[in-house]
Amino acid sequence: MIDRIEHIWGTRTPFAQGERWPVRVDLKLADGLTEDDVDRWVQSACVLCSNGCGTDIAVKDGRMVGVRGRPMDIVNHGRLGPKGLFGSWQGMTSPDRLTRPLIRVDGELVETDWDTAMTRIVERSQNLLHEKGPLTHGFYSSGQLFLEEYYALGIIGKAGLGTPHMDGNTRLCTATAAASMKESFGSDGQPGSYADIDECDAIFLFGHNMAETQTVLWTRVLDRLAGPNPPRVVCVDPRLTEVARRADVHLPVRPGTNLALMNGLIRELLTNGWIDEDYITAHTVGFDELKTTVEPWTPEAVAETCGVDADDVRAAARIFADSPRVLSTVLQGFYQASDATASACQVNNLHLLTGRIGRPGAGILQMNGQPTAQNAREAGADGDLPGFRNWENPEHVRQLAELWGVHVDQIPHWSPPTHAMQIFRYAEQGSIEFLWVQATNPAVSMPQSERIRRILAKPELFLVVQDLYLTETAMLADVVLPAAGWGEKQGTFTNVNRTVHLSEKAVEPPGEARSDLDIFLDYARRMDFRRDDGAPLLDWFGPEDGFRAWQECTRGRLCDYTGLSYDKLRGGSGVPWPCNDEHPDGTVRLYGDGVFPTDLDRAETYGHDLLTGATIGPVTYKAMRVDGRAILKAAAYNPPHEAPSADFPLQYSTGRTAYHFHTRTKTGRTRQLQRAAPSAWVELSRTDAAERGIREGDLVRVTSARGEIVVPARVGDVREGCVFAPFHYGYWEEGRSGPGGHPTAANELTMTEWDPVSKQPLFKVAAVQVHRVADGVAPAPAPTTTASRPASSVPATVGGPEGEAQESLRPVEPPQIATGEES
C-alpha cells in the first residue's frame, strides 16, 4: 500500500489512445478497520475539487469511517485524490462542528434554539422589506451546496424577495469560465469531456495546474503519458508545476500577459494557414475583426511582452496545428488575471478556427474551481437566471414568472445581476443591510481581506452565516446556523463536464444541524412567500421535490435534466446533461454538429465588449445575424491593472496546493492533509531571494499597497520577479476573526479589481515587495511533492504546527504498475 500523501497521483495504469481508462479502486478507512468491518456503503461523489469523482461512503455504527472510489463511474473509474481519500469524511467529524444555532448577545455569540435564531432572521428581513424594500437584502453562497439547494435559494431571492443581489464564491473561481462560453457559444456549458483525455493527440493547459487542482484528472493524463501514443503537452504557467515538468513546451508567461500570448498563438495559426476555412465560414462570425486584432502579435512581440521564448510560441502553435485532436483546459491562471474573459475566449477561438470542437479528443474544458459551481450558475444562485436564461430577454423572464407563479415584475431584470464584488461594496456603503452567507468564508477568500473583515463587522449590517464550523466569517455574524454537510443530506450536483451525480444521505448530522435546503424552506415558510394564486412559493418537502421542480425549469434548455431522476442516478455512474428524450443516456460532448445556442431567442447573453464590459444589447446582437453560429470574440491586449514599481517591484499571485481546499474548513481539520501543508508560506525565485539575502525557511514580510503577510519563504521554481502564496490560510486555529500576531492570509495583499465581463477578481496580478525579517529555524512548511518543492535540496524535515518538526514529503516516483487498492 503506497502512501497517498507522498504519492499524490497513486500508481500508474498505462493505456493507449482510444482505449478505456483502466479501473483502479482507491480506498481509505479509519485506522484499524477493514472492508469487512463496514456496515454499509452509501453512494456519493467527492466535493473537494471540481472533478466530481464517484465515491462510496463507508458507514459503521452510524458514523462515516472512510471512502472508496466507484469503479463504474465515468469520471474517476474508481480513483480518488488525497483530499477525497482523507478530507472528505474526516473533515466532517471534527469535534468543533457547529451543532446548535448561535446568536449575538451583548457582543458575544451564544447558543440558542432554532426558533429563536430563525425568528431573529425573519423579523430583521421583514422589517427591512417593509421599510426599505428588497434591495436591502444580499445573498453570498458557495460552490459547495447541492443543486436543489441552489434552486431553492434562487427562487427565494428572485421570486420571493425580488432582489438582484445574489452571488457566490463561484465568482472568485469560475465566473470567467461561464462568461467565456456565453460570449463564444451563446451559453454556459462545457463543450468537452474528461474522456477527451483518452482520445486526444495533444493537451494544452492554460493557467491550469491540473496536477494540484484536479489530482484525479491529472492521474488520467499521467496514465496516457505512460502508455503508447502519449499526447503532447503544452503548459502555460509562470511556475514550474508538475504539469510544466511533463510538458513538451512550457510557456512561463509574465503574470497578466495571457491575452498577448493568446493573440500570438492565433496569429501563428492564421499566418501559416493552419485553420479550417470551411468550418469558419459555416459555423462562426467575427473572423475579420479577430484577424485584424491579432496581426501585431508576432512571436517576437509575444516574447517581449510575456517574457517567453519566441521559438516556444512557434512550437506551441505548431503542436496545436499538427495535432488532429486537441483538448484545451483553462483555469485560474487565466480566470483571475487581467483580460480574463478575453483570454479565455481566445482559447475557444483556437478550437473554432480549426474546427476542433465536439469530437472525441477535440474539445474545450473551461474548468471550474469548485464541485458544484456548475449548479450555482445553472440554478440562478449566482445572479444568473435559472436554466441558462437571458436576463435581457423578456420572454425568458416571462417563462420563469409563469413557472414560479409570480408577476413578471417581481423578478429583477431591469439591470445586470449584482456580482459579489459589488454586493460587498453595497454592504460597505450601507444599502445592503441584510447579508446571508452560506458555506463560504469571505473573510479569508475575498480580495483585500482587511476591507472585507471591516465590512462584515459593521454594526449596521445584519450578517447571517450558515456553515459547518465557526469560520472567520461566522465569528463576525449576528446569527450562525449549523448546517449539515456532505454525507449528512441528500441531493445532486454537477461537475465540470456536466456529469450529474446523486449524493445519498449516509449519516445523521451532528446535534441540531440541518441541511441547507431545510433551512431555506423554513425561511420561505416563515416569510410566507406565496405565488400569485395564494399557494406557497416553495411547496417542497424534500430534495427530490426540488429536483423535479428543477427538471421543469430546464425543459427545452441546453441544460435539460428532464431525462434524469434519482432512480436513474442510483447504482451506476453519473450522467452528463443534456439528458432528455432525445438523449436518454446523456450527452458526452456539445456542438459536434457545429450548431450553437446563439439564436436571439436561445442565447443566454447578447454578449459584451471584452474591454469595457458594456453589454451589446438585443438590437445590435440581432444585427450581427449570428443565427446558431459561434462568435470569434476579439480583444486588444492591455497591461495589468497594477504593475511593479520601485516600492513594489515584484508580481504577486495566489493559488492552491494539492493538500488543501479553499480556506481549509475541512482539509485543515484532517490530520494527514494538515500535516502535509501545515501553515502558510510564500515562494520566490533563487535570484529574487539572493538579492534580498533570503534563504530557505527565513521569515519574510510581503507587502503590497493594501497590507502585509509575514510567513516563511520557500526558495522555489517560480519565474524571476514573481512571488506565489497559497490562499488557504486564515486565522481560525487561533480563534480570532483577524490577525493579532503575524498575518498569514494571502488575500491581505490582493486588490479590489475585477475583469470587466466576468467580474472575477484579479488574484493573479498585484505588486509587492519582500523583506527578510528573521532567520529560519527550519525549511518552509511547504510540500516538496508539488510545484512548491524547493529549488535545491533541503533538510529532511519541514516545519509543522507550532514549530514541531514533521517528516518531509519527498518527491519520489511511485511504482509504475497498479496492484489494486490504494492506501
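## Some points on the pattern of salt bridges
For the structure shown, the criterion picks out 59 salt bridges. Across the pair Glu-512 and Arg-100 runs a salt bridge, and its minimum N-O distance is 3.2 Å. Of the two residues, Glu-512 sits in the loop between strand S19 (499-503) and helix H22 (516-527) while Arg-100 sits in the loop between helix H1 (82-90) and strand S5 (102-105), which places them 412 residues apart along the sequence. A residue is classified by how much of its surface remains accessible, and Arg-100, at 28% relative accessible area, is partly exposed. Close ionic contact of Asp-522 with Arg-514 constitutes a salt bridge, the shortest N to O distance being 3.4 Å. Taking the relative accessible area as the measure of exposure, Arg-514 reaches 28% and is therefore partly exposed. One network of salt bridges, with partners in common, ties together Glu-242, Arg-245, Arg-686, Asp-717 and Arg-789.

## Concerning the sheet that holds strand S6 (residues 108-111)
Whether parallel or antiparallel, the strands of a sheet pair through hydrogen bonds between backbone atoms. The strand order across the open sheet built from 7 strands is S6-S5-S17-S16-S15-S7-S8, with neighbouring strands paired in mixed fashion. If you trace the sheet from one side to the other, it starts and ends with S6 and strand S8 (166-168), each paired once. For this sheet, the mean inter-axis angle between neighbouring strands, taken without regard to orientation, is 20 degrees. Strands S5, strand S7 (137-141), strand S15 (434-438), strand S16 (462-467) and strand S17 (479-482) of the sheet are contacted by helix H2 (residues 114-131), whose axis makes an angle of about 130 degrees with S17. Helix-sheet contacts for helix H3 (residues 147-161) involve S7, S8 and S15, and the interaxial angle to S7 is about 165 degrees.

## Let's talk about unusual backbone geometry
Of the consecutive residues Trp-577 and Pro-578, the connecting peptide bond is found in the cis state with omega at -5 degrees. Structurally, Pro-578 is set in the loop between strand S20 (575-576) and helix H25 (618-623). Of note in this structure, Asp-627 is not a glycine but carries a positive phi near 50 degrees. Tracing the backbone through its elements, the reader meets Asp-627 in the loop between H25 and strand S21 (630-631). Note on Asp-627: relative accessible area 47%, which makes it partly exposed. Phi is positive for Lys-759, which is not a glycine, with a value near 60 degrees. Within the secondary structure layout, Lys-759 lies in the loop between strand S26 (722-726) and strand S27 (766-774).

## Side note on the pairing of strand S9 (residues 202-206)
Summarising burial for S9: 5 of the 5 residues are buried, a large majority. Neither face of S9 is exposed, since Ala-202, Phe-204 and Phe-206 on one face and Ile-203 and Leu-205 on the opposite face are all buried. Two strands pair when backbone bridges link them, and S9 and strand S10 (residues 232-236) are joined in this way by 5 bridges, in the parallel orientation. Residue Phe-206 lies in a different strand from S10, and its bridge partner there is Val-236. Two strands pair when backbone bridges link them, and S9 and strand S13 (residues 326-330) are joined in this way by 5 bridges, in the parallel orientation. The residue bridging Phe-206 from the neighbouring strand is Val-330, located in S13.

## So, the confidence of the model for the chain
Across the chain, pLDDT averages 94, with 95% of residues at or above 70. Here residues 735-740 is a poorly scored stretch, pLDDT under 50, and it has 14 contacts once near neighbours within four places are set aside; other chains count. Confidence drops under a pLDDT of 50 for residues 793-823, and excluding neighbours within four residues, the segment shows 84 contacts in the predicted structure.

## A look at the nonpolar core
If you look at the biggest cluster of nonpolar residues, it comprises 203 residues, and the most contacted ones within it are Ile-121, Phe-206, Leu-251, Trp-436, Leu-481, Tyr-523 and Tyr-652. With near-sequence residues (within four places) excluded, Leu-251 lies in contact with Val-234, Cys-235, Val-236, Asp-237, Leu-261, Val-308, Asp-312, Val-313 and Ala-316. Core analysis: the next-biggest nonpolar cluster, separate from the first, contains 25 residues, Leu-98, Ala-420, Ala-443 and Leu-463 among them.

## Concerning the pairing of strand S3 (residues 54-60)
Where a strand is regular, its side chains alternate between the two sheet faces. Where burial is concerned, most of S3 is hidden: 6 out of the 7 residues are buried. Across 6 bridges, strand S2 (residues 40-45) lies against S3 in antiparallel orientation. Paired with Gln-43 across the bridge in S3 is Asp-56. Where S3 meets strand S4 (residues 63-69), 6 bridges bridge the pair, whose relative direction is antiparallel. Residue pairing in the sheet places Ile-57 in a bridge with Val-67 of S4. Connecting the antiparallel pair S3 and S4 is a turn made up of 2 residues, with Asp-61 showing a positive phi of about 55 degrees.

What counts, and where the lines are drawn
- Residues numbered from 1 in each chain as written.
- Predicted model: local features only at pLDDT ≥ 70, side-chain atom pairs only at ≥ 80, totals over all residues.
- Heavy atoms only, no water.
- Salt bridge = Lys/Arg side-chain N within 4 Å of Asp/Glu carboxyl O.
- Helix = DSSP H or I, 4+ residues; strand = E, 2+ residues; numbered from the N terminus.
- Buried < 20%, exposed > 50% of the residue type's maximum accessible area, 1.4 Å probe, protein only.
- Pairing = 2+ DSSP bridges.
- Axes fitted to C-alpha atoms, helices over the stretch in contact; angles between N-to-C directions.
- Contact = heavy atoms within 4.5 Å.
- pLDDT = per-residue confidence, 0-100.
- Core = buried A, V, L, I, M, F, W, Y, C linked by side-chain atoms within 4.5 Å.

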